[in-house]
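Coordinate inspection notes
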There are 2 protein chains.
Amino acid sequence: MLIILALAVFFSLLLALLNYIRIGKMPDGTKEMSEICSIIRQGADEFLKCEFRILYAAAAGIFIILAVFVSLSGAVCFLIGAAMSALAGLVGMKSATLSNVRVTDEARRSGDIGKTVKVALTGGSVMGLSVAGFALLGLFLVYIVFGIIMGQLKQEAVQFHSNFLGIADIPFTMSVSCYALGCSVIAMINRVGGGIYTKAADMGADLVGKSEYNIPEDDPRNPATIADNVGDNVGDVAGLGSDLLESYVGAITSGMILAIYTYYSRLGSADPIGYKTLLALVGYPLLFASAGLLSCTAALFIFNLHKAGRNAKKNLDGTTYLASGLTVVSTLALTFAYFPNESSYSGLGFKIAGISPWLCAVMGIVSGILIGQVADYYTSYSHKPALSVAKASCEGPALTITKGMALGMSSVLIPVMLLGLCIIASYYTAGLYGVGMAAMGMLSFVAVTVSVDTYGPISDNAGGIAEMCNLKKEVRQITDSLDAVGNTTAAIGKGFAIGSAAFAALSLFASYLYALNGQESSSGIALVLNILDPLTLAGALVGGAVPYLFSGMLIESVAKTAETMVEEIRRQFEQDPLILQGKKKPDYNRCINISSKGALKEMKKPAFIAVASPLAAGFIFGPSFVGGLLIGTTLSAIMLAIFTANSGGAWDNAKKHIENGNYGGKGSPAHNASIIGDTVGDPLKDTVGPSLDILIKIMSVVALITVSIFSRYNIAALF
Amino acid sequence: MLIILALAVFFSLLLALLNYIRIGKMPDGTKEMSEICSIIRQGADEFLKCEFRILYAAAAGIFIILAVFVSLSGAVCFLIGAAMSALAGLVGMKSATLSNVRVTDEARRSGDIGKTVKVALTGGSVMGLSVAGFALLGLFLVYIVFGIIMGQLKQEAVQFHSNFLGIADIPFTMSVSCYALGCSVIAMINRVGGGIYTKAADMGADLVGKSEYNIPEDDPRNPATIADNVGDNVGDVAGLGSDLLESYVGAITSGMILAIYTYYSRLGSADPIGYKTLLALVGYPLLFASAGLLSCTAALFIFNLHKAGRNAKKNLDGTTYLASGLTVVSTLALTFAYFPNESSYSGLGFKIAGISPWLCAVMGIVSGILIGQVADYYTSYSHKPALSVAKASCEGPALTITKGMALGMSSVLIPVMLLGLCIIASYYTAGLYGVGMAAMGMLSFVAVTVSVDTYGPISDNAGGIAEMCNLKKEVRQITDSLDAVGNTTAAIGKGFAIGSAAFAALSLFASYLYALNGQESSSGIALVLNILDPLTLAGALVGGAVPYLFSGMLIESVAKTAETMVEEIRRQFEQDPLILQGKKKPDYNRCINISSKGALKEMKKPAFIAVASPLAAGFIFGPSFVGGLLIGTTLSAIMLAIFTANSGGAWDNAKKHIENGNYGGKGSPAHNASIIGDTVGDPLKDTVGPSLDILIKIMSVVALITVSIFSRYNIAALF
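About the cut-offs
- Position labels on residues start from 1 in each chain and follow its written sequence.
- Chains and ligands are labelled by the order in which they are written, letters from A for the one and numbers from 1 for the other.
- Where local features are concerned, this predicted model is filtered to residues with pLDDT of at least 70; where side-chain atom pairs are given and counted, the filter is 80 or more; whole-chain, interface and lining totals use all residues.
- Heavy atoms from the whole structure form the basis of all side-chain values; hydrogens and water molecules are not counted.
- Helix and strand assignments follow DSSP, with helices taken as H or I runs no shorter than four residues and strands as E runs no shorter than two, numbered in order from the N terminus.
- For a compact globule the rule gives 2.2 Å times the number of residues to the power 0.38, and the radius of gyration it is set against comes from C-alpha atoms.
- Partly exposed describes any residue whose relative accessible area lies between the buried limit of under 20% and the exposed limit of over 50%, with all areas from a 1.4 Å probe on protein chains only and scaled to the type maximum.
- Throughout, a residue-residue contact means that at least one pair of heavy atoms, one from each residue, lies within 4.5 Å.
- Computed with the Shrake-Rupley method and a 1.4 Å probe, the accessible areas treat only the protein chains shown as cover for residues.
- Under the pairing criterion, centres of Phe, Tyr and Trp rings, with the six-membered ring standing for Trp, must be within 6.5 Å; the plane angle then separates stacked pairs below 30 degrees from edge-to-face pairs above 60, leaving the rest tilted.
- Two parts placed together each lose some accessible area under a 1.4 Å probe, and the buried area is that loss summed for both.
- Counted as salt bridges are all cases of a side-chain nitrogen of Lys or Arg within 4 Å of a carboxyl oxygen of Asp or Glu.
- We define a polar contact as two N or O atoms separated by no more than 3.5 Å, with the added condition that, inside protein, one atom must be a possible hydrogen donor and the other a possible acceptor, whereas residues neighbouring each other in sequence contribute only through side-chain atom pairs.
- Sulfur atoms of two cysteines make up a disulfide when they are within 2.5 Å.
- What the arc describes is the spread of directions from the helix axis to the C-beta atoms.
- In this description, a nonpolar core means a group of buried Ala, Val, Leu, Ile, Met, Phe, Trp, Tyr and Cys residues linked to one another through side-chain atoms lying within 4.5 Å.
- In this comparison the copies share one frame, found by least squares on the C-alpha atoms of residues holding pLDDT of at least 70 in both.
- For helices, the fitted axis covers only the stretch in contact; all axes are lines through C-alpha atoms, and the angles between them, taken along N-to-C directions, range from 0 to 180 degrees.
- In this scheme, roughly parallel covers angles under 35 degrees and roughly antiparallel covers those over 145, while 65 to 115 is roughly perpendicular and the rest are oblique.
- Crossings are assigned a handedness: left-handed for a near helix turned anticlockwise from the far helix by less than a right angle, right-handed for a clockwise turn.
- Gly falls in the polar group here, along with every residue not listed as nonpolar (Ala, Val, Leu, Ile, Met, Phe, Trp, Tyr, Cys, Pro) or charged (Asp, Glu, Lys, Arg).
- A score between 0 and 100, pLDDT records how confident the predictor is in each residue.

This part covers the overall build of chain A. Of regular secondary structure, chain A possesses 21 helices and zero strands. What you see for chain A is a C-alpha radius of gyration of 25 Å, in line with the 27 Å of a compact globule of 719 residues. Reported as C-alpha extents along the three principal axes, the dimensions of chain A are approximately 80 × 60 × 45 Å. Counting only residues that meet the buried cut, chain A has 69% of its 719 residues in that class. Within chain A, residue pairs in contact and separated by at least 24 positions form 86% of the contacts whose partners lie at least 6 positions apart. Roughly 21500 Å² of accessible area belongs to chain A as shown, and the carbon and sulfur atoms make up 64% of that amount.

Residues and elements named next belong to chain A. Following the criterion strictly, the structure yields 24 aromatic pairs over all chains and no others. With a centroid separation of 6.2 Å and 70° between ring planes, the pair formed by tyrosine 284 and phenylalanine 288 is classed as edge-to-face. Here tyrosine 284 and its partner phenylalanine 288 are both found in helix H8 (residues 275–305), four residues apart, which amounts to about one turn of the helix. With a relative accessible area of 1%, phenylalanine 288 lands in the buried category. Ring centres 5.2 Å apart and planes at 75° place the aromatic pair tyrosine 377 and tyrosine 378 in the edge-to-face group. Taking the relative accessible area as the measure of exposure, tyrosine 378 reaches 13% and is therefore buried. Every member of this aromatic cluster is reached through a ring pair, and the members are Tyr284, Phe288 and Tyr338.

Counting residues at the interface gives 68 residues for chain B, matched by 67 residues for chain A. Across the interface of chain B and chain A, roughly 6400 Å² is buried in total on both sides, 80% from carbon and sulfur atoms. On the chain B side of the interface with chain A, the three residues burying the most area are Leu532, Leu541 and Tyr548 of chain B, jointly 12% of the side's total. Across the contact surface, chain B and chain A share six salt bridges. For the pair chain B and chain A, the number of links is nine residue pairs in polar contact (both at pLDDT 80 or more).

This part is about the state of the cysteines. Inspection of the entire model under this criterion finds zero disulfides over all chains. Between cysteine 296 of chain A, a free cysteine, and cysteine 183 of chain A, which holds the nearest cysteine sulfur, the sulfur-to-sulfur gap is 18 Å.

All buried positions along helix H11 (residues 384–392) of chain B are accounted for by Pro385, Ala386, Val389, Ala390 and Ala392 of chain B. Seen from one end, H11 of chain B has its buried residues packed into an arc of 165°, which puts them on one side.

The next point concerns the environment of methionine 1 of chain A. By secondary structure assignment, the location of methionine 1 of chain A is in the segment before helix H1 (2–25). If sequence neighbours within four positions are ignored, methionine 1 of chain A has contacts with Tyr143, Gly283, Leu286, Leu287 and Tyr338 of chain A.

On to the environment of alanine 439 of chain B, then. All names here are of chain B. Counting through the fold element by element, alanine 439 comes out in helix H13 (residues 413–442). The exposure class of alanine 439 is buried, given its relative accessible area of 0%. Leave out the neighbours within four places in its chain, and alanine 439 touches Ala251, Phe503, Ala504 and Ser507.

So, about unusual backbone geometry. Both trends apply: most residues other than glycine have a negative phi, and most peptide bonds are in trans. With a phi close to 50°, asparagine 470 of chain A is a non-glycine residue in the positive phi region. In this structure, asparagine 470 of chain A sits in the loop between helix H14 (446–468) and helix H15 (473–520).

The next subject is the nonpolar core. Core analysis: the biggest nonpolar cluster contains 525 residues, and Leu136 and Tyr248 of chain A together with Leu136 and Tyr248 of chain B have the highest contact counts within it. Leaving out residues up to four positions away in the same chain, leucine 136 of chain A has contacts with Leu5, Val9, Tyr248, Ile252, Leu286, Ala289, Ser290 and Leu293 of chain A.

This brings us to the relation of the copies chain B and chain A. The transformation that overlays chain B on chain A combines an axial shift of 0.0 Å with a rotation of 180°, and the residual RMSD is 0.0 Å. The transformation just described matches what one would write down for a two-fold rotation axis. The rotation axis passes nearest to the C-alpha of asparagine 530 of chain B in chain B, at a distance of 2.4 Å. When the interface residues of chain B are mapped onto chain A, 99% of them are again interface residues, pointing to one common binding face.

All names here are of chain A. Where H1 meets helix H4 (residues 113–149), the axes come as close as 8 Å, and the angle between the chain directions of the two elements is 150°. In terms of orientation, H1 lies roughly antiparallel with respect to H4. Classified by chirality, the crossing of H4 by H1 is left-handed. A per-class count over the contact of H1 with H4 returns 18 nonpolar, seven polar and one charged.

A few words now on the confidence of the model for chain A. Residues and elements named next belong to chain A. Taken as a whole, chain A shows an average pLDDT of 87; of its residues, 94% reach a score of 70 or greater. The low-confidence segment residues 519–525 (pLDDT under 50) makes 15 contacts with residues lying over four places distant or belonging to another chain. If you check the scores for this complex, the pTM reads 0.92 and the ipTM reads 0.92.

Our next topic: the pattern of salt bridges. Counted according to the given criterion, the structure contains 56 salt bridges over all chains. Ionic pairing is found between lysine 656 of chain A and aspartate 652 of chain A, a salt bridge with its closest N-O pair at 3.4 Å. Separated by four residues within a single helix, lysine 656 of chain A and aspartate 652 of chain A lie in helix H20 (residues 623–659), roughly one turn from each other. Judged by relative accessible area, which is 9%, aspartate 652 of chain A ranks as buried. Residue aspartate 480 of chain B is joined to arginine 476 of chain B by a salt bridge in which the shortest nitrogen-to-oxygen separation is 3.1 Å. Of this pair, aspartate 480 of chain B and arginine 476 of chain B are both found in helix H15 (residues 473–520), four residues apart, which corresponds to roughly one turn of the helix.

Once that is clear, we can look at the packing of helix H13 (residues 413–443) of chain A against H20 of chain A. All names here are of chain A. Relative to each other, H13 and H20 sit at 140°, their axes nearing to 10 Å. Relative to H20, the element H13 is oriented oblique. Crossing of H13 against H20: the hand is right-handed. Between H13, through Pro415, Val416 and Leu419, and H20, the contact on the second element is made entirely by Ile638, Met639 and Ile642.

Below, the discussion takes up the side chain of histidine 671 of chain A. Residue and element names in this part refer to chain A. Along the chain, histidine 671 turns up in helix H21 (residues 669–710). Given the relative accessible area of 7%, histidine 671 is considered buried. Look past the residues within four positions of histidine 671 in its chain and what remains in contact with it is Lys655, Ile658, Glu659, Gly665 and Lys666.

Note on placement: alanine 538 of chain A falls in helix H16 (residues 534–575). Residue classification places alanine 538 of chain A among the buried positions, given a relative accessible area of 1%.

All names here are of chain B. You can see aspartate 682 is positioned in helix H21 (residues 669–710). Separated by 2.9 Å, the side chains of aspartate 682 and lysine 685 make a polar contact. In this view, aspartate 682 contacts Lys199, Asp202, Asp206 and Thr687; residues no more than four positions away in its chain are not counted.

Take a look at the structure:
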């Protein structure tokens with residue numbers, strides 16, 4: 001298992017490096033193009049630099065707190081997690097800001113969609129492979145150094161035979177949880193900061209440019225254009241990457257913790273599990289992830305060799321299906337080899353011994369793909385829902401908004417039903433461990449998912465550069481067709497991100513109850529959280545409101561920063577009429593600074609809420625309340641995330657549909673109404689939705705790490 | 001207790017009758033005024049007639065199902081409940097459609113705000129007193145006839161000593177639940193149908209009138225004006241009345257059921273409760289409600305005698321505070337007399353024997369008032385939040401919508417925290433029975449709450465009549481000032497309705513677990529629903545999505561009907577230019593018909609979902625899944641209801657603030673943006689929010705009644 005893990009890490013990072021070098025060697029077009037590209041790169045670097053400063057401070061603070069109150073090994077694992085997540089985001093963004101101009105140039109030189117797609121996806125693959133590679137590298141270190149060499153796994157297994165005493169008794173659970181926390185904190189900062197950055201720029205540019213002065217998107221006269229392009233990189237590349245990295249790590253770690261729980265729950269039974277079986281179960285999520293990563297590396301490598309066809313969507317889908325197919329087949333083979341003696345697992349309560357965890361993972365893969373398809377159905381303009389929003393635009397902005405909201409709300413049910421079915425099926429196949437494995441399955445080919453998702457903003461940026469450099473219409477046409485596919489993949493990716501986040505959060509939630517149970521009694525076999533306990537019920541109520549507060553604050557932050565941006569754009573247009581005539585370049589940097597400062601300032605409060613709310617709840621009302629809080633937050637956030645993602649996606653595509661010449665096309669009243677819909681939807685789908693994914697995971701991890709402390713020290717316990 | 005109950009019913013209905021007669025005797029103004037009023041009345045009557053036809057069919061169907069599958073007594077109780085709720089709605093609407101023109105006329109003749117307020121509130125009081133009076137009358141019948149005379153209470157108490165067998169073992173619980181179901185079904189039809197009716201008319205009128213042709217609200221040239229006014233009566237009067245009647249009944253009945261549960265849970269203990277104590281506990285919610293109703297009757301009677309001041313808000317607040325104060329004092333005195341021997345209650349687990357249920361009720365009253373105040377803070381234009389939405393209107397519709405949504409989302413936390421605190425405090429004071437009593441307390445002065453809430457649409461209609469009859473500006477000024485107060489009371493009333501619905505639903509949910517527990521074992525003392533059971537968790541996930549689907553469908557229905565309305569208005573304007581010049585009357589009746597037909601057609605699907613979803617879930621996945629479904633739906637609906645109510649209220653008041661001359665006043669770009677915000681908010685705050693209140697109650701009641709059937713017959717049990 002460890003060999004396969006090492007191979008997966010090695011090959012994935014090697015391919016990432018090779019692709020990075022290949023991209024770097026490509027020509028970066030005309031002087032104007034490379035100039036604009038370097039402004040974008042500088043803007044992104046500048047933002048990351050400021051962000052990393054906050055990040056260092058936050059990481060240092062948390063490190064000290066963990067070292068003092070939890071354990072030194074936990075604190076170290078936290079740092080490893082933070083470093084891996086930050087590295088993946090950094091590498092991905094560097095690659096994206098290199099690739100964008102090269103995509104434009106490929107389109108300009110070859111005029112061939114296939115070749116252009118190839119450049120874009122190669123650029124994206126650097127991010128995808130880094131995300132999975134760095135995540136596994138860190139887990140590899142934690143597992144080897146802390147779990148095996150320092151003997152934490154053995155220690156945790158032995159402790160179960162006596163009563164629990166505290167954190168010291170679940171050292172390995174703590175180590176992997178702290179590793180996950182490291183990834184979560186970076187993800188929160190990247191996602192929230194990036195989300196505010198990108199949408200403030202986008203909204204500001206649209207509010208003045210499109211609505212007031214009627215100049216098209218990405219027009220070089222608009223001072224906020226480049227800030228908008230920088231935003232795509234910091235929000236949709238770095239943010240998305242660290243988000244999915246966190247889900248990935250969350251799924252693997254909660255699979256490992258639930259394996260220990262399975263061991264623990266069989267202790268008192270007639271058929272206990274041996275230490276060797278425990279090791280096998282703990283290692284299985286890592287094995288599955290490694291096989292998945294190797295499959296993704298192979299699929300992306302094949303894509304590199306292969307001549308790409310003219311249908312952009314087919315290329316992307318082909319790679320995704322190849323990766324997921326390879327994952328399913330290779331893990332099946334590995335599972336047979338890994339769990340050789342079926343009979344030794346009969347005590348696990350698995351209905352189908354041996355391959356039952358694998359079955360759960362496959363259920364996860366299938367439901368993940370289906371959830372993505374549902375998101376596509378609701379948001380793509382090839383289907384009825386988004387088209388009806390486009391039609392409503394003819395009746396003005398009020399109906400556009402109303403219809404889009406109704407669509408988003410109605411779209412929540414099916415994905416959630418799929419999640420529910422997957423939970424029931426995987427639980428009855430392999431217990432809670434099976435639910436954890438389903439989460440793992442959904443995320444097993446994350447390397448390709450992220451590559452395809454990163455392809456989107458790269459293409460978007462490429463189109464922006466083409467527009468700003470006034471390249472030929474044909475170039476823009478190619479980048480536009482790439483971008484349109486990118487919108488669909490983004491919607492599918494969002495469905496995927498939400499589904500996997502929900503699964504990861506629920507597995508982490510189960511781990512929380514395991515850690516809590518461990519504190520309370522050594523005989524508690526089943527994990528129980530009674531929702532009719534008044535503290536739990538109150539916790540669930542308050543928990544349900546947390547995502548709303550969090551979302552409200554994020555939208556408010558975007559709106560506030562966008563308002564400042566609007567004033568700046570107006571000021572530039574009014575002070576110098578030459579800008580609007582296209583005779584003078586606007587001051588791009590002031591807009592970049594506004595977005596950057598706004599994002600850095602505004603992201604602190606929501607990030608703080610995510611970390612502090614389970615802590616405050618725990619130390620005041622105790623662990624039952626926190627249990628309710630977590631379940632309430634998770635439920636509420638899943639619904640809100642799907643609602644906002646699909647409403648926003650539908651508004652965006654309704655606008656695109658009109659821009660394609662329907663209902664009067666560009667400049668018609670319907671188009672104006674659809675722009676308003678899109679502007680409302682932007683912060684919903686790109687800031688709120690994705691940040692909610694992280695909210696639920698970070699709250700669960702924080703609760704998981706601190707439960708042993710606040711279950712003993714809380715105000716409610718005094719009564 | 002029974003004497004006080006009888007007195008309360010008698011006096012409240014007597015005062016309602018007297019006030020109705022007094023209103024009827026007042027003059028109804030000029031010929032034009034009485035003409036318009038009679039069109040409104042006819043439109044409302046016509047709609048109710050069609051609605052009642054659906055209602056008869058639904059009631060007959062449910063009666064047969066209940067008689068066959070549950071019990072004949074349950075079916076009869078259902079009919080009583082349905083009749084009481086329908087009666088209250090009918091009487092209230094008749095009174096409201098009489099009062100509106102009389103308010104206008106009072107303003108015209110006297111020019112005195114105080115006198116005008118008095119007419120409006122007297123009209124409203126007919127509805128308020130009927131709601132509470134009829135609700136208690138029905139409960140009185142059920143308690144006396146089925147509980148005492150037919151001995152169902154005794155029977156239920158005796159059965160506890162043997163094992164549970166099925167529905168036959170909880171006959172009284174079934175009877176009161178079926179009574180509550182009767183009220184719920186009517187409430188659902190009234191609320192959803194009325195909500196679609198009123199907002200389709202309102203949206204249609206605004207979309208064409210204000211946005212396209214720039215004619216003011218309530219302008220007689222707009223063909224949809226009268227449909228809009230009819231809508232106020234069917235939605236905000238009949239709908240709101242039956243909604244709160246249902247919450248009221250839900251709170252009382254779940255208090256009664258939880259009393260039986262308290263008895264049941266003490267059975268195995270060292271200190272069981274006697275049958276007499278059981279009777280006292282079951283009767284206490286009725287006693288409390290009766291005292292509350294008597295206090296309300298007294299307060300409204302005093303208001304009738306008293307000369308009203310010139311400050312409209314003070315008059316309303318004074319009556320509310322008087323009623324709640326009288327309720328608190330009178331129930332305290334009654335409680336001491338009712339529970340004479342404190343020591344006999346020591347076995348109840350009450351921390352403060354004797355008056356602990358009273359304390360819980362007072363906590364409910366206090367938290368209800370606080371929740372209302374929070375709603376006022378977020379929506380009134382005297383406070384920062386709504387003002388910031390008004391300010392954002394200067395930047396166009398996109399920012400208006402964005403800011404309003406952010407406001408609504410952020411406003412969810414505090415009311416929910418108040419609910420949570422109230423649950424914890426009342427549980428630790430008097431157990432689950434205490435939580436039920438808190439719900440009871442919150443609703444104890446419902447007669448005044450509904451009176452004040454009905455005052456709003458009456459004033460709104462009065463203003464419309466003044467505008468349509470081109471009365472003097474001073475008249476409109478008086479009705480406008482009444483209307484503005486009505487908006488605030490409506491927002492407070494909505495907060496109250498959500499809070500009480502949440503409490504009632506949670507108490508019903510506890511009753512559900514009691515009924516379920518009864519099916520499963522006679523020794524199960526504690527009510528437990530483990531959220532980590534996979535079926536429960538999946539149920540909670542799906543449950544969380546149900547309110548979204550329901551809301552999406554409602555918004556879609558309103559939008560669809562409004563679109564038809566828009567086409568009709570445009571058609572009339574285009575076919576006959578004389579209408580716009582004011583030289584010819586538009587065809588009001590066609591618009592009334594569109595709203596009416598649309599509402600009747602569109603309300604069936606959401607109403608069906610509310611009733612069918614717990615049934616389908618129960619018969620497929622069994623009772624644990626339904627438990628999850630109920631808690632998921634309740635949590636999700638509370639959040640959505642607060643969000644939609646407050647966003648909608650803020651948009652409405654931001655528009656009013658601009659119309660008062662700020663940011664350019666009427667006709668300015670800011671005003672146009674604010675109209676778009678208001679149009680988006682209308683279906684959210686007046687259709688979706690209030691309907692969600694009913695959704696959670698009706699689902700709980702349906703589950704409660706059918707749990708004994710589907711807990712034995714479901715597909716999941718086959719595996």
